[in-house]
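# Structure at a glance
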Amino acid sequence: MRIELAGVTKVFTDGKKVLDNICYSEDFDALAIIGPSGGGKSTLLRILGGLISPTTGEVSFDGSKVSFDEKHLIHYRRKIGFVFQAKGLFYHLTARQNVILPLVNVHGYTKTGAATTADNLLDRFGLSADRHKFPHELSGGQQQRVAIARAIAVKPKLLLLDEPTSALDPELTGEVLDMLNELRNDGLNIILVTHEMGFAKKACDKLMFIVNGKLAECGESKNLFTRPRTAELAAFLSKVLEWNI
Amino acid sequence: MPFYRLFIKGVNDKTTLLQKSFNIIIAVALFVLFFFLSVRRLDIGFDFSFLWSFRYRLAQGFAATVELSLVSLVVSLLLGFLSAMANNSRVLAISYFARVYVQFFRGTPMIMQVYLFFYIVGTAWGVDNRFLAGVLILSIFEGAYIAEIIRGGIDSIEPTQLEAAKAVGLESRQTLRLIVLPQIVKRTLPALAGQFASIIKDSSLLSLISVIELTQTIREISATNFAIFECYIFLGLLYLALTFPISMYTRYLESRFSYEN
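Quantities reported herein were computed from a predicted structural model and do not represent experimental measurements. (Residues numbered from 1 in each chain as written. Chains lettered and ligands numbered in written order. Predicted model: local features only at pLDDT ≥ 70, side-chain atom pairs only at ≥ 80, totals over all residues. Heavy atoms only, no water.)

## As for the overall build of chain B
A tally of helices and strands in chain B yields 9 helices and 0 strands. Mapped from its N terminus to its C terminus, chain B presents α and β elements in the order α-α-α-α-α-α-α-α-α. A compact globule built from 261 residues should have a C-alpha radius of gyration of about 18 Å, whereas chain B, at 23 Å, is more than 25% larger. For chain B, the C-alpha atoms occupy an extent of roughly 70 × 65 × 30 Å along the three principal directions. The proportion of buried residues among the 261 residues of chain B is 39%. Accessible area of chain B: about 15,800 Å², with a carbon and sulfur share of 69%. Side-chain charges of chain B comprise 22 positive and 17 negative groups, with the mean position of each set lying 5 Å from the other. (Helix = DSSP H or I, 4+ residues; strand = E, 2+ residues; numbered from the N terminus. Rg over C-alpha atoms; globule rule 2.2 N^0.38 Å. Buried < 20%, exposed > 50% of the residue type's maximum accessible area, 1.4 Å probe, protein only. Areas by Shrake-Rupley, 256 points an atom, 1.4 Å probe, with all protein chains shown as cover. Lys, Arg positive; Asp, Glu negative; His and termini not counted. Charge placed at Lys NZ, Arg CZ, Asp CG, Glu CD.)

This is the structure:
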């Protein structure tokens, strides 16, 4: 998939400039967005997901421009899966109902068709025993796996994830990353904001490094990790990898 | 099980059914005993038998209280919902109207509202049906409390839930119907059920304007035979018969919907 960002800038209503003229174009299978906290990564991902609009600038996927008015955005969002850092599941619905709801109410599945799709997916990701549990009865890792199942149930062409593992214990992080890697190997295009450098390096082919709202460095992830060109990335990597084994 | 375990539960133990029923009996017995001793000190005897001859009037009064409370529940829910909506209105006069309403009716005693509404507002606008007046007064009073419960429910909807609804592609109307309303209902239901118990109890104040409900019926009966104690003890039991099941149901709802940590 090809992504093109032309001068994407976001200024919040309080005047804070969170994204500053991001220009980027690249073919990718899995794109990792990394960088220090508060640098604008999540804001960029929300723009890519059509959840918020950029103040100025343009976004295109595979040559088609995203139109940021609400009428078009609602259709755009339906073709994309979005997974939040945490608490993205609907509290009042079970795991299974969470997967079923968008299928029935947004994508026009019949109830039985949606139920079959949901059961198959939950089964595939080892969640069938937990399908009738409510989000608060699931572990953080299970919640995120259900959230991913819900996002991909509608067969999106692109899956966006906002720090999907940052609220999880290490062993739960592993189960979510395994699931993502499997989906990526199935050919799903992924863009994720992450602090999991191992995953960014091994499972993602492309990398964007964002600092203070600016695109500080980008390219093939295997190159960037071994030979960072900018001092910022080198410093960032040495900091986050300092305690890695 | 050692004998003392009947009275004292272990630190991390759950209360067993036996412990529960045994100790509830003790607690109720203590309560009744104290009352009984008070009665003995005053040397008064009770005779409840006369109540039987008033059974039809009592049944009518009981039915009237139930009816009054149910109708008021519906009307006060409506008022509370409208007020909670109005509270968030961007038209400031509407928003402040809702706030003044809630503050005034929560901040003043219902007895004052009953008199003022019935004798001034009711008379001025020709509301002379006492049952209707009673429903209106009770609903306006309880609506102020329900408004706060519903407003709390609306405020408790987390932004991530709305963002998630947006992300899966729901339209705003669908988000309201499928996500927001069910969550508000689940979260406010225990408090609303509790409020229903308050409505039942508060409806007794309508006896002040001679709405013929349970309390008024008892007042009338006790005025003819002066058996005030018997009448009011029985009245208490009848109200308990209504509010106790609701209170149990509220507990059950609370345990069922406690899905936030």
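Right, picking up where we left off after that structure.
## Quick word on the overall build of chain A
Each helix and strand counted, chain A has 9 helices and 10 strands in total. A globule of 245 residues ought to have a C-alpha radius of gyration of about 18 Å, and chain A, at 18 Å, matches this closely. Structurally, chain A occupies a C-alpha span of about 55 × 45 × 35 Å along its principal axes. Relative to its 245 residues, chain A shows a buried fraction of 54%. Taking the intrachain contacts of chain A between residues at least 6 apart in sequence as the baseline, contacts between residues at least 24 apart amount to 66%. Carbon and sulfur atoms make up 49% of the accessible area of chain A, which totals about 10,800 Å². If the 30 positive side-chain charges of chain A are averaged to one point and the 28 negative ones to another, these points end up 4 Å apart. (Contact = heavy atoms within 4.5 Å.)

## Side note on a nonpolar patch on the surface
Residue and element names in this part refer to chain B. Where nonpolar side chains cluster on the molecular surface, the patch consists of Phe35, Leu42, Ile44, Phe46, Phe48, Ile228, Phe229 and Tyr232 and spans about 750 Å² of accessible area. Mapped onto the nonpolar patch, the elements with two or more residues apiece are helix H1 (17-42) and helix H9 (228-256). Here the nonpolar patch takes 3 residues from H9, the largest share from any one element. Within the element layout of this structure, isoleucine 228 appears in helix H9. (Patch = residues over 30% accessible without salt bridge, like charges linked within 9 Å, V, L, I, M, F, W, Y side chains within 5 Å. Salt bridge = Lys/Arg side-chain N within 4 Å of Asp/Glu carboxyl O.)

## Structural notes on the sheet that holds strand S1 (residues 2-11) of chain A
All names here are of chain A. Ordered in space as S2-S1-S4-S5, the 4 strands form an open sheet in which the pairing is antiparallel. Looking along the sheet, the strands with just one partner apiece sit at the ends: strand S2 (17-27) and strand S5 (64-65). Judged from the 5 bridges that link them, S1 and strand S4 (residues 56-61) form a sheet pairing that is antiparallel. Considered in S4, the bridge of isoleucine 3 is made with phenylalanine 61. Against the sheet, helix H1 (residues 41-48) contacts S1, S2 and S4, and its axis sits at roughly 120 degrees relative to S1. (Pairing = 2+ DSSP bridges. Axes fitted to C-alpha atoms, helices over the stretch in contact; angles between N-to-C directions.)

## Let's talk about the sheet that holds strand S9 (residues 206-211) of chain A
Residue and element names in this part refer to chain A. What the 6 strands build is an open sheet, ordered S6-S7-S8-S3-S9-S10; its pairing is mixed. Strands at the two margins of the open sheet, each flanked by one partner only, are strand S6 (80-83) and strand S10 (214-220). Within the sheet, the average angular offset between the axes of one strand and its neighbour, ignoring direction, is 15 degrees.

## Describing helix H4 (residues 111-124) of chain A
Residue and element names in this part refer to chain A. With 14 residues, H4 ought to run about 20 Å at 1.5 Å a step, and its terminal C-alpha atoms sit 20 Å apart, in line with that. Residues Ala114, Ala115, Thr117, Ala118, Asp119, Leu121 and Leu122 constitute the buried set of H4. Looking at the packing, one finds that the buried side of H4 touches helix H3 (95-105) and helix H5 (140-153). Phi turns positive, to about 65 degrees, at glycine 126, one or two residues after H4. (Expected span 1.5 Å × (residues − 1).)

## Observations concerning the domain arrangement of chain B
Accessible area lost upon the coming together of the parts is a frequently used measure of interface size. Its domain assignment divides chain B into domain 1 (15-45) and domain 2 (57-256). Taking only C-alpha atoms into account, the centre of domain 1 of chain B sits 32 Å from that of domain 2 of chain B. (Domains from an automatic or database assignment.)

## Let's talk about the interface of chain A and chain B
Between chain A and chain B, the contact holds 22 residues from the first and 22 residues from the second. Where chain A abuts chain B, roughly 2,100 Å² becomes buried across the two surfaces, and 59% of that area is made up of carbon and sulfur atoms. The largest contributions to the chain A side of the interface with chain B come from Phe90, Tyr91 and His92 of chain A, which together make up 32% of the buried area. In this structure, the salt-bridge partner of glutamate 163 of chain B is arginine 46 of chain A, at a minimum N-O distance of 2.6 Å. Across the chain A-chain B interface, the total number found is 12 residue pairs in polar contact (both at pLDDT 80 or more). Listing elements by their share of the side of chain A that touches chain B, those giving two or more residues are helix H2 (70-78), S6 and H3 of chain A. In terms of residue class, the side of chain A that touches chain B is built from 12 nonpolar, 5 polar and 5 charged. (Buried area = accessible area lost by both parts, 1.4 Å probe. Polar contact = N/O pair within 3.5 Å; in protein donor to acceptor, adjacent residues only side chain to side chain. Nonpolar A, V, L, I, M, F, W, Y, C, P; charged D, E, K, R; others polar.)

## A few points about the packing of H3 of chain A against H4 of chain A
The geometry of a pair of packed helices is captured by two quantities: the angle between their axes and the separation between those axes. Residue and element names in this part refer to chain A. Packing of H3 against H4 brings their axes to within 9 Å, and their N-to-C directions diverge by 135 degrees. The angle between H3 and H4 places the two elements in the oblique class. Crossing of H3 against H4: the hand is right-handed. Facing H3, whose interface residues are Ala95, Arg96, Val99, Ile100, Leu103 and Val104, H4 presents Lys111, Ala114, Ala115, Thr117, Ala118, Asp119 and Leu122. The residue makeup of the contact of H3 with H4, split by class, is 9 nonpolar, 1 polar and 3 charged. (Parallel < 35°, antiparallel > 145°, perpendicular 65-115°, else oblique. Left-handed = near helix turned anticlockwise from the far one by under 90°.)

## Quick notes on the environment of alanine 200 of chain A
All names here are of chain A. The topology assignment puts alanine 200 in helix H7 (residues 197-202). Residue alanine 200 is classed as buried on the basis of its relative accessible area of 0%. Spatially, the C-alpha atom of alanine 200 lies 21 Å from that of phenylalanine 61, the residues being 139 residues apart in sequence. Look past the residues within four positions of alanine 200 in its chain and what remains in contact with it is Ala32, Ile34, Thr194, Leu207, Ser221 and Phe225.

## What about the confidence of the model for chain B?
Taken over all residues, the pLDDT of chain B has a mean of 90, while the share at 70 or more is 98%. Prediction confidence for the complex, expressed as pTM and ipTM, is 0.78 and 0.88 respectively. (pLDDT = per-residue confidence, 0-100.)

## Remarks on helix H7 (residues 172-202) of chain B
Because the α-helix completes a turn every 3.6 residues, residues three or four places apart line up on one side. Its 31 residues place the ends of H7 of chain B only 39 Å apart at the C-alpha level, less than the 45 Å of an ideal helix rising 1.5 Å per residue. Of all the bends in H7 of chain B, the greatest reaches close to 50 degrees and is centred on leucine 189 of chain B; the proline proline 190 of chain B follows between one and four positions later. (Bend = angle between axes of the 7 residues up to and from the residue.)

## As for the packing of helix H6 (residues 159-167) of chain B against H7 of chain B
Residues and elements named next belong to chain B. Running from N to C, H6 and H7 cross one another at 155 degrees; their axes reach a closest spacing of 10 Å. Taken as axis vectors, H6 and H7 run roughly antiparallel relative to one another. By crossing handedness, the relation of H6 to H7 is classed as right-handed. Residues Gln161, Leu162 and Ala165 of H6 pack against Thr175, Ile179, Val180 and Gln183 of H7.

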